[in-house]
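Chain by chain, the residues:
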Amino acid sequence: EAVLSRLTADFPPGSMTAVLGETGAGKTTLIRLILALIRPTEGSVVLYQGEQRTEASPRTRANLVYVPQGNTLFSGTIRENLQMGDPQATDEKMWWALETSAADFVKELPSGLDSPCFEAGVGLSEGQAQRVAIARALLRPGKVLLLDEFSSALDTQTEDILMERLTKALPDRTMIFITHRERIIEFCDSVLRLSKN
């Protein structure tokens, strides 16, 4: 059974798009297609910049940064988790990523960047762990950010701060927000609504 049928979508370089839809509408399938984890039975998924066009494949994944739903932290320190995004990142760059992802709370922790966190984010609230995971993603070099229910554990005020900072700090990156929250639309250039037929 087809999950997505006759879907045409364009995510222009530097754009911010909200992808909304009920459970089972194909949001996860869309991510898997973009990441080339699955191939479409018809049509194609193409990454482009200017005149350069490349069909999505395992080779094009280096251009993509995926932040899955929930948190994906591992046992260690916040610094070590961030270094998974960029092993060469300076403290200044890490603080920039944390501020951009509304994870300023790290400054208030007794050990700052060297504060411990544990697998699945134990030691931090779910919302804090989500924001550290987003900060790590910002340190990756890929030009396309795929954020899957990235703000599910955030209150409205923190979500607004995060979206405003992402909008201002990353004008050259393409961002695709998979979300159930209608209010994310306010911060985006376009919206793609998926529905079950």
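This report concerns the structure included in the present document. The shown structure was predicted, so the numbers you read here are calculated from the model rather than taken from an experiment.

Attention now moves to the packing of aromatic side chains. Counted according to the given criterion, the structure contains one aromatic pair. Each ring, one from F150 and one from F177, has its centre 5.1 Å from the other, and the planes form 45 degrees; the classification is tilted. One end of the pair, F150, is in the loop between β7 (144–148) and α5 (156–169); the other, F177, is in strand β8 (residues 174–179), and 27 residues separate them in sequence. Each member of the pair, F150 as well as F177, is classed as buried. The cationic tip of R53 hangs over the ring face of Y48; the distance from NZ or CZ to the ring centre is 4.9 Å.

So, about the nonpolar core. In terms of nonpolar packing, the biggest core is built from 40 residues, with L82 and F177 touching the most fellow members. Put simply, the parts of the chain that give this core at least two residues each are β1 (16–21), β4 (64–67), α2 (78–83), α3 (91–100), α4 (126–138), β7, α5 and β8. Looking at this core element by element, the count peaks at seven residues for α4. Leave out the neighbours within four places in its chain, and L82 touches M94, L98, L113, V132, A135, R136 and L139. If you look at the next biggest cluster of nonpolar residues, it comprises 19 residues, including V19, A25, A36 and L47.

For R6, which is not glycine, the phi torsion reads 55 degrees and is therefore positive. Looking at the element boundaries, R6 is found in the segment before β1. With a phi angle near 60 degrees, A102 is a residue other than glycine that sits in the positive phi range. Topologically, A102 is positioned in the loop between α3 and β6 (116–117).

What follows covers the pairing of β7. In summary, the side chains of a regular strand alternate between the two faces of the sheet. For β7, a buried count of five out of five residues is recorded, marking the element as mostly surrounded by other parts of the structure. Every second residue of β7 is oriented toward a common face, with V144, L146 and D148 on one face and L145 and L147 on the other, all of them buried. Pairing of β7 with β8 involves five bridges; the strand directions are parallel. Residue pairing in the sheet places L146 in a bridge with I176 of β8. The parallel pair β7 and β8, bridged by α5, forms a crossover whose chirality is right-handed.

Among all positions of α3, only M94, A97, L98 and T100 are buried. One face of α3 carries all of its buried residues, which in axial projection span an arc of 165 degrees. Downstream of α3 by a residue or two, A102 has a phi angle that is positive, lying close to 60 degrees.

Attention now goes to the sheet that holds strand β9 (residues 190–194). Within a sheet, neighbouring strands are paired by backbone hydrogen bonds and run either parallel or antiparallel to one another. Ordered by their spatial adjacency, five strands build an open sheet running β4-β7-β8-β1-β9, and the pairing between neighbours is parallel. Only two strands of the sheet have a single partner each, and these edge strands are β4 and β9. Taken over all neighbouring pairs, the strand axes of this sheet differ in orientation by 15 degrees on average, direction set aside. Sheet topology places β4 next to β7; four bridges connect them, and they run parallel.

Reading guide: rules and limits
- Residues numbered from 1 in each chain as written.
- Predicted model: local features only at pLDDT ≥ 70, side-chain atom pairs only at ≥ 80, totals over all residues.
- Heavy atoms only, no water.
- Phe/Tyr/Trp six-rings, centres within 6.5 Å; stacked < 30°, edge-to-face > 60°.
- Helix = DSSP H or I, 4+ residues; strand = E, 2+ residues; numbered from the N terminus.
- Buried < 20%, exposed > 50% of the residue type's maximum accessible area, 1.4 Å probe, protein only.
- Lys NZ or Arg CZ within 6 Å of the ring centre and 35° of its normal.
- Core = buried A, V, L, I, M, F, W, Y, C linked by side-chain atoms within 4.5 Å.
- Contact = heavy atoms within 4.5 Å.
- Pairing = 2+ DSSP bridges.
- Right-handed = clockwise from strand over helix to strand, strands pointing away.
- Arc of directions from axis to C-beta.
- Axes fitted to C-alpha atoms, helices over the stretch in contact; angles between N-to-C directions.

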